[in-house]
Amino acid sequence: MGVASASRRGPFSARCLTLPHTFTDPSGLSRYGWTDALDQDFTEHYEAGLLPARISRVDRGLCSAITASGPVRATFAAPHGPDPLLTPCTGDWAALRPGTDPHLVALLPRHSAIVRSPASGSSHGQVLAANIDTVVIALSLAVPLDAAKLERLLALAWESGAQPVMVLTKADLVADPEAAYAEAGALAPGVDVLVTSVATGRHIDALAALLRGTTVLLGPSGAGKSSLGNALLGEERLATGAVRTQDGKGRHTTVSRELVPLPGGGVLIDTPGLRGISLHDAADGLEQVFAEIEHLARACRFSDCAHDSEPGCAVQAAIRAGELPQRRLDSYRKLRRENAWAASRTDARLRDERARRQKAITSHLRATYKFRDQQP
Ligand SMILES: Nc1nc2c(ncn2[C@@H]2O[C@H](COP(=O)(O)OP(=O)(O)OP(=O)(O)O)[C@@H](O)[C@H]2O)c(=O)[nH]1
Ligand SMILES: [Mg+2]
Ligand SMILES: [Zn+2]
């Protein structure tokens with residue numbers, strides 16, 4: 001298509017121009033978390049003929065997105081580039097160029113994101129979900145509580161900027177969930193811990209009452225994430241699968257992230273069971289998970305105390321007094337070391353690269369706008 005015909009018809013086909021350019025369908029997009037504030041910020045995109053869309057699922061080069069006029073499949077080639085932090089992810093809001101071949105032109109800034117280090121050894125972070133407000137960490141009571149795994153999941157959740165909620169599932173399968181409940185509570189300062197069962201309905205309503213905005217379900221395969229999701233949705237919408245009898249591990253039933261509106265308001269994102277949980281730039285998240293150690297450390301004589309054998313170490317004193325388990329300090333150190341290593345790989349070069357690409361996206365948009373402005 002030459003410039004002449006483009007200027008006659010505009011950059012978008014006549015058909016798309018009949019689509020609403022202002023947000024007029026509250027029962028459509030607001031169910032997916034679209035707000036007045038987001039709508040205001042979108043003005044420039046509306047003027048460029050773009051529409052807001054929330055990404056529900058991402059496949060290779062193609063994603064499913066929800067628009068005010070329904071779901072679409074859209075392409076998202078360049079200018080997003082290979083950096084996973086800049087590629088669309090479930091939960092992202094995007095500016096979509098509608099038409100017969102819908103295309104994601106830009107991602108809106110994320111207010112939160114769950115980012116982990118990928119197993120591949122790449123220094124790029126992998127975004128598990130974007131624009132989330134609540135992270136439900138699900139762990140099964142039917143397998144022994146893995147403190148280190150819980151701490152990792154919590155660090156990931158806190159670092160995202162969303163509020164974690166700890167859910168111990170399958171209460172109907174254990175005689176006494178109280179010990180695990182107490183243990184989880186001690187590992188998760190500042191976090192609500194709930195014991196649930198989808199078989200008896202225990203605390204499902206209490207969980208629903210804790211959820212704010214967009215909630216993501218996170219945890220190992222077989223923990224009962226999709227089952228919890230169905231209980232919250234009030235219908236068997238998400239696939240669930242039996243766990244292995246010998247070790248209670250799941251079979252990775254959920255294979256892609258999914259985004260669905262909750263009946264009482266809010267949005268739910270179900271995710272596949274996490275195999276490995278490597279931290280990525282999660283220093284703040286770790287401080288939250290180990291809040292009691294951070295608190296104790298303020299009373300250490302030296303501000304740079306390593307909590308080893310320094311005189312006047314309040315952390316060691318708490319360990320001696322039986323107030324802080326040695327395991328907890330060991331775990332804190334291990335995760336901090338791991339995190340420092342992961343963070344060091346996100347070096348200056350990558351940061352520069354990211355800034356450059358963000359600029360490229362912006363100038364691409366500017367070019368789109370300019371092009372439109374030139375239309376008669
Ligand atoms: N008894 C009992 N079984 C449960 C409960 N919640 C989940 N299950 C069972 O646990 C198994 C795994 O549940 P899913 O919901 O598929 O687990 P998931 O965390 O989504 O697993 P992945 O999709 O593989 O990550 C299924 O057989 C569920 O029926 C519960 O509260 N009580
Ligand atoms: Mg599942
Ligand atoms: Zn100390």
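Residues numbered from 1 in each chain as written. Chains lettered and ligands numbered in written order. Predicted model: local features only at pLDDT ≥ 70, side-chain atom pairs only at ≥ 80, totals over all residues. Heavy atoms only, no water.

Peer 1: It is not clear to me how the site of ligand 1 should be interpreted in this structure. Could you clarify?
Peer 2: The local shell around ligand 1 holds 23 residues, among which Asp172, Ser221, Lys225, Ser227 and Thr254 are the closest. Contact with the protein chains removes 86% of the 650 Å² of surface that ligand 1 exposes when unbound. Here the shell around ligand 1 is composed, by residue class, of eight nonpolar, 12 polar and three charged. (Near = heavy atom within 4 Å. Areas by Shrake-Rupley, 256 points an atom, 1.4 Å probe, with all protein chains shown as cover. Nonpolar A, V, L, I, M, F, W, Y, C, P; charged D, E, K, R; others polar.)

Peer 1: What exactly am I supposed to notice about the environment of Arg336 here?
Peer 2: In this fold, Arg336 is placed in helix α12 (residues 326–345). Between the C-alpha atoms of Arg336 and Glu287, which are 49 residues apart in sequence, the distance is 9.4 Å. Leave out the neighbours within four places in its chain, and Arg336 touches Leu286 and Glu294. (Helix = DSSP H or I, 4+ residues; strand = E, 2+ residues; numbered from the N terminus. Contact = heavy atoms within 4.5 Å.)

Peer 1: What's the story with the coordination of the zinc ion (ligand 3) in this structure? I'm lost.
Peer 2: Ideal geometry at a metal gives 109.5 degrees between four tetrahedral donors and either 90 or 180 degrees between six octahedral ones. Every protein donor of the zinc ion (ligand 3) is listed here as Cys300 (SG), Cys305 (SG), His307 (ND1) and Cys313 (SG), and their distances to the metal cover 2.1 to 2.4 Å. Here the zinc ion (ligand 3) binds four donor atoms, and the angle range of 104 to 116 degrees at the metal identifies the geometry as tetrahedral. Counting residues between consecutive donors of the zinc ion (ligand 3) along the chain gives the motif C-x4-C-x1-H-x5-C. A single burial state applies to Cys305 and to Cys313, both of which are buried. (Donors = N, O, S within 2.8 Å, 3.2 Å for Na, K, Ca; no water. Tetrahedral: all angles 85-135°; square planar, octahedral: opposite > 155°, others 65-115°. Buried < 20%, exposed > 50% of the residue type's maximum accessible area, 1.4 Å probe, protein only.)

Peer 1: What exactly am I supposed to notice about the sheet that holds strand β9 (residues 163–169) here?
Peer 2: Hydrogen bonds along the backbone pair up the strands of a sheet, which may run parallel or antiparallel. On the basis of which strands lie adjacent, the open sheet formed by six strands has the order β10-β9-β8-β11-β13-β12 and mixed pairing. The open sheet has two free edges, formed respectively by β10 (192–195) and β12 (258–261), since each of these has just one partner strand. Across the sheet, the axes of successive neighbouring strands diverge by a mean angle of 25 degrees, strand direction being ignored. Note: strand β8 (residues 134–140) against strand β11 (residues 214–218), four bridges, orientation parallel. Bridge pairing in β11 places Thr134 opposite Thr215. Along the sheet, helix α5 (residues 147–160) contacts β8, β9 and β11; its crossing angle with β8, the most-contacted strand, is approximately 170 degrees. Of the strands in this sheet, β8, β9, β11, β12 and β13 (267–270) are in contact with helix α8 (residues 225–233), which crosses β13 at around 160 degrees. (Pairing = 2+ DSSP bridges. Axes fitted to C-alpha atoms, helices over the stretch in contact; angles between N-to-C directions.)

Peer 1: Please explain the coordination of the magnesium ion (ligand 2) as it appears in this structure.
Peer 2: Protein coordination at the magnesium ion (ligand 2): the donors are Ser226 (OG) and Thr254 (OG1), at 2.0 to 2.1 Å from the metal. Here Ser226 is found in helix α8, whereas its partner Thr254 is found in the loop between α8 and β12, with 28 residues between them in sequence. Judged by relative accessible area, which is 14%, Thr254 ranks as buried.

Peer 1: Help me understand the pattern of salt bridges, please; the structure alone is not making it clear to me.
Peer 2: A side chain with one charge can pair with a side chain of the opposite charge if their charged atoms come near. Tallying each qualifying case throughout the model produces 10 salt bridges. The salt bridge partner of Arg327 is Glu151, with a shortest N-O separation of 2.6 Å. One end of the pair, Arg327, is in helix α12; the other, Glu151, is in helix α5, with 176 residues separating them in the sequence. Among the salt bridges present, the one from Arg333 reaches Asp308, with a minimum N-O distance of 3.3 Å. (Salt bridge = Lys/Arg side-chain N within 4 Å of Asp/Glu carboxyl O.)

Peer 1: In this structure, what is going on with the nonpolar core? I would like to understand it.
Peer 2: Across soluble globular proteins, nonpolar side chains show a tendency to be buried alongside one another. Of all hydrophobic cores here, the largest spans 64 residues; its most connected members are Val135, Met166 and Leu218. Looking at which domains feed residues into this core, each of domain 1 (29–111) and domain 2 (114–270) gives three or more. Each residue touching Met166, except ones within four places of it in the same chain, is listed here: Ile137, Leu139, Leu150, Ala184, Val191, Asp192, Val193 and Leu194. With 17 residues, the next largest nonpolar core counts Ala138, Leu233, Leu238 and Val260 among its residues. (Core = buried A, V, L, I, M, F, W, Y, C linked by side-chain atoms within 4.5 Å. Domains from an automatic or database assignment.)

Peer 1: I'm lost on the pairing of strand β1 (residues 51–59) in this one. Help?
Peer 2: Regular strands show a simple pattern: their side chains alternate between the two faces of the sheet. As judged from the four bridges shared by β1 and strand β4 (residues 93–97), these two strands associate in the antiparallel manner. The residue bridging Leu51 from the neighbouring strand is Leu96, located in β4. Looking at chain direction, β1 and strand β2 (residues 62–67) are connected through five bridges and run antiparallel. By the bridge assignment, Arg57 is partnered in β2 with Ser64. Linkage of β1 to β2, two consecutive antiparallel strands, is achieved through a turn of two residues, within which Gly61 is found at a positive phi near 75 degrees.

Peer 1: Looking at this structure, I do not really get the layout of surface pockets. What am I missing?
Peer 2: Once rolled over the atoms, a probe with the size of a water molecule shows which space is left empty. Quantified by volume, the second largest pocket comes out at close to 580 Å³. In terms of lining, the second largest pocket is formed by 28 residues, of which the most central are Arg116, Gln126, Leu128, Arg257 and Pro272. If you list the elements that add at least two residues to the lining of the second largest pocket, you get β1 and β7 (126–130). Top contributing element to the lining of the second largest pocket by residue count: β7, with three residues. Across the lining of the second largest pocket, the residue classes break down as 13 nonpolar, 11 polar and four charged. Two domains each donate at least three residues to the lining of the second largest pocket, and these are domain 1 (29–111) and domain 2 (114–270). (1 Å grid on protein atoms, 1.4 Å probe; cavity = no way out; pocket = protein on both sides within 12 Å on 5 of 7 lines; lining within 4 Å. Points joined across faces, edges and corners; volume = space filled by probe spheres on them.)

Spatial relationships are all this shows, so hold off on functional conclusions.
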